[in-house]
Amino acid sequence: MTFPLFTRRLALAAALALGVASCGGGDDARDGAAPTELTFSILSAEGQASSGPLWQPLLDDMSKAVGIPVQPYFGSNYTVLVEAMRGGHTQVAWFSAKPAVEAIDRADAEVIARIVDPEGRDSYRSTLIVKAGSGITLANVLACGKQYDFGIGDAQSTSGTLAPMTFLFNPRNIVPAACFKTVRSANHQANAFSVATGVLDVATSNTVNTVFLTRQNPQIAAQIEEIWQSPPIPESGIVVREDLDPALKEKIRSFFLTYGQGEGPEAERQRAVLAGLNYSRFNPADDSYLNPIREMVADQQLIEARAAGDAAKVATAERELQRLRSLREVQP
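Quick summary incoming for the structure in this document. (Residues numbered from 1 in each chain as written. Predicted model: local features only at pLDDT ≥ 70, side-chain atom pairs only at ≥ 80, totals over all residues. Heavy atoms only, no water.)

1. Digging into the environment of Glu318
Phase 1: Looking at the element boundaries, Glu318 is found in helix H15 (residues 311–330).
Phase 2: Residue classification places Glu318 among the partly exposed residues on the basis of a relative accessible area of 37%.
Phase 3: For the pair formed by Glu318 and Asp299, sequence separation is 19 residues and the distance between their alpha carbons is 8.2 Å.
Phase 4: Those residues within four positions of Glu318 in sequence are excluded, and the remaining contacts are Leu302 and Arg306. (Helix = DSSP H or I, 4+ residues; strand = E, 2+ residues; numbered from the N terminus. Buried < 20%, exposed > 50% of the residue type's maximum accessible area, 1.4 Å probe, protein only. Contact = heavy atoms within 4.5 Å.)

If you want it as structure tokens, here you go:
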């Protein structure tokens, strides 16, 4: 069962590599030379049709600021986009927290900025959603009994999979496959539509998806209600390949950290672009802001190792959890 999935993902990664290699910058980025063009990965559940008009003004401004064209690449598959950066075919990316960790660990990436929303928050929450008026409560869901069709996120999704497992299911020793009648993996938008139309009884989502759904599909949003929210999760961030030309990397960093700041018509225009993305600004950040995600990953690995009876993996996960928790305890 796992081999066909791996094969499909490998084929997707190869197709993406071929598609973006002609955009320029891949080999140059790996060599540390200044590329003549950048490819910017955007993790989008909605796809280019709806997300493209929101991102394109920012990418146009970025092109002017850094002095070379910036081409977008939209995708909803976390693994393929991380693989594209690992191969040097994309150089900059907007990733949610879990894929950002994957890019750091596997794609020689580093964080340069993190998102702040219009209310000044640099975090968001995972949610559990049901059809409005269904009468399904959190207690009903946690009772299991294989009575509900359940929608979960991509395996690498922070809010669609990792957070609900860490904060809701794992503490109660609930395995979704054993709890629900069926379990289907999809992006937030697909799961929300399925809940609204009655295809799914309950699904994971997040508070950011709620904002965009309310804005773009208010009739669908009105048919959904939340029955659970997670603790705050670190917001998404901007990552770049570590081996990108240092001067260009600093131009990219400066662009994001100054975008929409200051006074005057240009700053106001940039703030309007950010508002379309439901952002207010980009704050400075480094890889350490993702430590809470690493802690969640280690917790999930510990659960899986215990379930498999793998003593070595249990010990490794316990050590990593202890290390991350000690870092948290010494933070101001």
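2. As for the state of the cysteines
Phase 1: In the structure shown here, the tally under the stated rule is 1 disulfide.
Phase 2: Between Cys144 and Cys179 runs a disulfide, and the two sulfur atoms are separated by 2.2 Å. Judged by the torsion about the S-S bond (-95 degrees), the Cys144/Cys179 disulfide is left-handed. Highlighted residues: Cys144 in the loop between helix H6 (138–142) and strand E7 (149–152) and Cys179 in helix H8 (residues 176–179), separated in sequence by 35 residues. Here Cys144 and Cys179 have matching classes, each one buried. (Disulfide = S-S within 2.5 Å.)

3. Things to note about the pairing of strand E6 (residues 126–131)
Phase 1: Counting buried positions over the 6 residues of E6 gives 5, a clear majority of the element.
Phase 2: By the bridge criterion, 5 bridges tie E6 to strand E9 (residues 202–206) in an arrangement that is antiparallel. For Thr127, the partnering residue across the bridge sits in E9 and is Ser205.
Phase 3: Pairing analysis gives 5 bridges linking E6 to strand E10 (residues 224–229), with the strands arranged antiparallel. Paired with Lys131 across the strands is Ile224, a residue of E10. (Pairing = 2+ DSSP bridges.)

4. Looking at the sheet that holds E10
Phase 1: Ordered in space as E8-E7-E9-E6-E10, the 5 strands form an open sheet in which the pairing is mixed. The outermost strands of the open sheet, each flanked by one partner alone, are strand E8 (182–185) and E10. Strand-to-strand twist of the sheet, defined as the mean angle between neighbouring strand axes without regard to direction, takes the value 30 degrees.
Phase 2: Alignment of E7 against E9, held across 2 bridges, turns out to be parallel. Bridged to Gly151 within E9 is Ala203.
Phase 3: The strands that helix H9 (residues 188–196) touches are E6, E7, E8, E9 and E10; relative to E9, the one it contacts most, it runs at about 140 degrees.
Phase 4: Sheet contacts for helix H10 (residues 207–216): E6, E9 and E10; angle to E9, the most-contacted strand, approximately 90 degrees. (Axes fitted to C-alpha atoms, helices over the stretch in contact; angles between N-to-C directions.)

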